[in-house]
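Structure assessment
If you want the building blocks of each chain, they are given just below.
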Amino acid sequence: MIVVNDIHKRYKTEHGVGRWVLQGVSLNIPRKLNVGLIGANGAGKSTLLRLIGGVDHPSKGWIERRCRVSWPMGEGGLEGTLSGRQNAKFVCRVHGHQADLADRLAFVEDFSELREAFDEPVSTYSTGMRSRLQFALSLAFDFDVYISDEVTAAGDAAFRKKTATAFKEMADRAGLIMVAHDEGTLKEFCQSGIWIHAGKAYWFDAIDDALKAYKEAIPQ
Amino acid sequence: MREPRNPLAISFAVWQAIFLREAIDRLFDMRAAWFWLLIEPALHIAFITVVYSAVRMYTVGGIDVALWIIVGMLGFFLFRRTAIQVMYAVDCNRPLFAYRQVKPFDPAIVRAVLEAFLMAIIASAILAAAALLGHDSLPRDPLLVALAVGGLWLFGLGYGLVASVLMELVPETEHILKLLMMPLYLISGVIMPMASVRQPYREFLLMNPIVHGVELVRQGFVPYYHVVPGVDMAYLYAWVIVSLLLGLLLYRRFALQLVMK
């Protein structure tokens, strides 16, 4: 279960503090559920996702993760000067997998299909190669809840097919909180939905209701 | 569900990971980076020693001028390199904060430890080279050396912690801190003997805790070295404690601002 209690968030801009992106969001997200975040561009979907993942911190309020939550899948930090392998080692160690490091590395190397590039510095990678590595990294660990920000769009056609299968498998096994703009993707993976509108979040048990609410709010 | 890890276990895992990541960056960043890491201070020290020998200065404070310079510079470099490494620790590891296990304090402490490691190796190499060239470079009072060196190192860590938070909160401080670092080399008694400064100016220069550390390291190497009057280990450690506490306090208070967008 992830408890989100009355969080507010605004960013620092060059002209002082910005507007409130999230204003009093409270949610209880069960562990075994796949949830889609829906909302217009700039509504705060990615912000909420980053807050849940613990990458960023709310300006007010608190979040409690009572299970193992992944980092936002598309945003796994990669250090440009290190090679893909070194980055993977770093992530394994941070997550306490020093003992079975070799297994995890083998998985990442195999799944990302980077071949020789796996030992090249990440700064030389193309966008597609980066997201391959990031995707492989987040699949290498067993989390209770995965959070994902538009990650399904990564890589070329062949890799996309592979990720879709792996993604589906993962969504069946663990909980998932995802941002996607494509209605089909949301319906395919998610049972429930959270609609973010004007700084507030609304919970819907069924994703279809969330999509309906979202569409009704769009001015004709 | 797997048992959650103990917070201390997480910290150690993170420190280990950052240590290895930083070590790789420092040692293999460019072609033969590890070579330049060693050779840069060695050349610097060799150059100053040659200049001093050329102007016919054989002893300072009653000890061999080469040893006086080597030991003083190593102590000063330990402070300066630790301070600068810690100052930029958060900046250089920004992508890694995507993993919430990594806290802003982690790279700072790890960088200080790594710098101590590197300086220990560099110092041993340089002192061994000096011994081979016929200078008596074994510390006569290793405990005093350890205490003074530890003080310089911890002060570097404390200074770096405070500076990195200040730089993040008020970016303009970076210029001021850089300006401060420049003359520090000259006024810390590293290449200019403190004893040659006349009163009351020496009193002012002695307010700088690094002078105390550097002088005490020299005394640890050669017990009959004429330490400048007024040098005090307690004064150095007072600065260490104040800067460390202030630095940790600032990290505790502003840790979120350091990584928040």
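Residues numbered from 1 in each chain as written. Chains lettered and ligands numbered in written order. Predicted model: local features only at pLDDT ≥ 70, side-chain atom pairs only at ≥ 80, totals over all residues. Heavy atoms only, no water.

1. A few points about the overall build of chain B
Helix and strand content of chain B: ten helices and two strands. The order of α-helices and β-strands along chain B, N terminus first, is α-α-β-β-α-α-α-α-α-α-α-α. Here the C-alpha atoms of chain B give a radius of gyration of 20 Å, agreeing with the 18 Å that 2.2 N^0.38 yields for 261 residues. The long-range fraction of contacts in chain B, counting pairs at least 24 apart against all pairs at least 6 apart in sequence, stands at 76%. (Helix = DSSP H or I, 4+ residues; strand = E, 2+ residues; numbered from the N terminus. Rg over C-alpha atoms; globule rule 2.2 N^0.38 Å. Contact = heavy atoms within 4.5 Å.)

2. Details of the domain arrangement of chain A
All names here are of chain A. For chain A, the domain assignment lists domain 1 (1-68 + 143-220) and domain 2 (77-141). Put simply, the middle of domain 1 and the middle of domain 2, counted by C-alpha atoms, are 25 Å apart. On the domain 2 side, the residues contacting the 13 residues of domain 1 number twelve residues. When the buried area of domain 1 at its contact with domain 2 is split by residue, Phe 143, Phe 159 and Lys 162 rank highest and sum to 45% of it. Inspection of the region where domain 1 meets domain 2 yields one salt bridge. As a salt-bridge pair, Lys 162 and Glu 113 come within 2.5 Å of each other at their nearest N and O atoms. Run the count over domain 1 and domain 2 and you get four residue pairs in polar contact (both at pLDDT 80 or more). For the side of domain 1 that touches domain 2, the leading source of residues is helix α5 (residues 157-173), giving six residues. (Domains from an automatic or database assignment. Buried area = accessible area lost by both parts, 1.4 Å probe. Salt bridge = Lys/Arg side-chain N within 4 Å of Asp/Glu carboxyl O. Polar contact = N/O pair within 3.5 Å; in protein donor to acceptor, adjacent residues only side chain to side chain.)

3. A word on the pairing of strand β2 (residues 16-29) of chain A
Remark: a regular strand shows side chains that alternate across the two faces of the sheet. Residues and elements named next belong to chain A. Bridge count for strand β1 (residues 2-13) against β2 is nine bridges, and the pairing is antiparallel. Paired with Ile 2 across the strands is Ile 29, a residue of β2. From the end of β1 to the start of β2, which pair antiparallel, there are two residues. (Pairing = 2+ DSSP bridges.)

4. Describing the packing of helix α2 (residues 33-54) of chain B against helix α5 (residues 105-132) of chain B
All names here are of chain B. At a closest axis distance of 10 Å, the pairing of α2 and α5 adopts a crossing angle of 50°. Classed by the angle they form, the pair α2 and α5 counts as oblique. Helix-helix and strand crossings are classified by hand; for α2 and α5 the assignment is right-handed. In contact with Leu 37, Leu 38, Pro 41, Ala 42 and Ile 45 of α2, α5 contributes Leu 118, Ile 122, Ala 125 and Ile 126. (Axes fitted to C-alpha atoms, helices over the stretch in contact; angles between N-to-C directions. Parallel < 35°, antiparallel > 145°, perpendicular 65-115°, else oblique. Left-handed = near helix turned anticlockwise from the far one by under 90°.)

5. So, the environment of Tyr 214 of chain A
Residues and elements named next belong to chain A. Positionally, Tyr 214 belongs in helix α7 (residues 207-217). Given the relative accessible area of 23%, Tyr 214 is considered partly exposed. Placed 17 residues apart in sequence, Tyr 214 and His 197 show a C-alpha to C-alpha distance of 8.3 Å. Not counting the four nearest positions on each side in its chain, Tyr 214 is found in contact with Ile 38, Gly 39, Ala 40 and Trp 195. (Buried < 20%, exposed > 50% of the residue type's maximum accessible area, 1.4 Å probe, protein only.)

6. Notes on helix α10 (residues 233-259) of chain B
Residue and element names in this part refer to chain B. Taking 1.5 Å per residue, 27 residues should reach 39 Å; α10 reaches 36 Å between its end C-alpha atoms and fits that length. At Arg 253, α10 shows its largest bend, some 60°. Residues of α10 that are buried include every one of Met 233, Leu 236, Val 240, Ser 243, Leu 244, Gly 247, Leu 250, Tyr 251, Phe 254, Ala 255, Leu 258 and Val 259, and no others. Looking at the buried residues of α10, the elements they touch are α4 (89-92), α5, α6 (142-169) and α9 (209-221). Near the N-terminus of α10, the side chain that reaches the backbone nitrogen of Ala 234, with its oxygen 3.1 Å away, is that of Asp 232. (Expected span 1.5 Å × (residues − 1). Bend = angle between axes of the 7 residues up to and from the residue.)

7. So, the packing of α2 of chain B against helix α3 (residues 65-87) of chain B
All names here are of chain B. Where α2 contacts α3, the two axes come as close as 10 Å, and the packing angle between them is 140°. Between α2 and α3, the crossing angle belongs to the class labelled oblique. Crossing hand, α2 versus α3: right-handed. Between α2 and α3, the residues in contact are Leu 37, Pro 41, His 44, Ile 45, Ile 48, Thr 49 and Tyr 52 and Val 65, Ala 66, Ile 69, Ile 70, Met 73, Leu 74, Phe 77 and Arg 81, respectively. Split by residue class, the contact of α2 with α3 holds twelve nonpolar, two polar and one charged. (Nonpolar A, V, L, I, M, F, W, Y, C, P; charged D, E, K, R; others polar.)

8. Re helix α4 (residues 127-139) of chain A
Between its first and last C-alpha atoms α4 of chain A spans 18 Å; for 13 residues at 1.5 Å apiece the expected length is 18 Å, and the two agree. Listed in full, the buried residues belonging to α4 of chain A are Ser 131, Arg 132, Leu 133, Gln 134, Phe 135, Ala 136, Leu 137, Ser 138 and Leu 139 of chain A.

9. Here's the deal with the packing of aromatic side chains
All names here are of chain A. A full pass over the atoms with the stated rule returns 23 aromatic pairs over all chains. Ring centres 5.7 Å apart and planes at 90° place the aromatic pair Trp 71 and Phe 143 in the edge-to-face group. Of this pair, Trp 71 sits in the loop between β4 (60-65) and α2 (84-94) while Phe 143 sits in the loop between α4 and β5 (145-149); the two residues are 72 residues apart in sequence, bridging distant segments of the chain. Judged by relative accessible area, Trp 71 falls into the buried class, the value being 2%. (Phe/Tyr/Trp six-rings, centres within 6.5 Å; stacked < 30°, edge-to-face > 60°.)

10. Description of the interface of chain A and chain B
Taken together, the contact pairs 35 residues of chain A with 27 residues of chain B. At the boundary of chain A with chain B, total buried surface from both sides reaches about 2,700 Å², with 57% on carbon and sulfur atoms. On the surface where chain A and chain B come into contact, there are one salt bridge. Close ionic contact of Glu 79 of chain A with Arg 21 of chain B constitutes a salt bridge, the shortest N to O distance being 3.0 Å. One can count seven residue pairs in polar contact (both at pLDDT 80 or more) joining chain A with chain B. Only β1, α1 (45-53) and α2 of chain A provide two or more residues apiece to the side of chain A that touches chain B.

11. Side note on the nonpolar core
By size, the foremost hydrophobic cluster in this structure holds 126 residues, and its most contacted members are Phe 90, Leu 133 and Leu 137 of chain A together with Met 73 and Phe 79 of chain B. There are two domains that each give this core at least three residues, and those are domain 1 (1-68 + 143-220) and domain 2 (77-141) of chain A. Setting aside residues no more than four positions away along its own chain, Phe 90 of chain A makes contact with Ala 17, Ile 18, Arg 21, Leu 96, Tyr 99 and Val 102 of chain B. (Core = buried A, V, L, I, M, F, W, Y, C linked by side-chain atoms within 4.5 Å.)

12. So, the sheet that holds β1 of chain A
Residues and elements named next belong to chain A. Sheet architecture is open: three strands sit in the order β2-β1-β4, paired in antiparallel fashion. Both outer strands of the open sheet, β2 and β4, are each paired with one neighbouring strand and no more. Adjacent strand axes in the sheet meet at a mean angle of 30°, parallel and antiparallel pairs treated alike.

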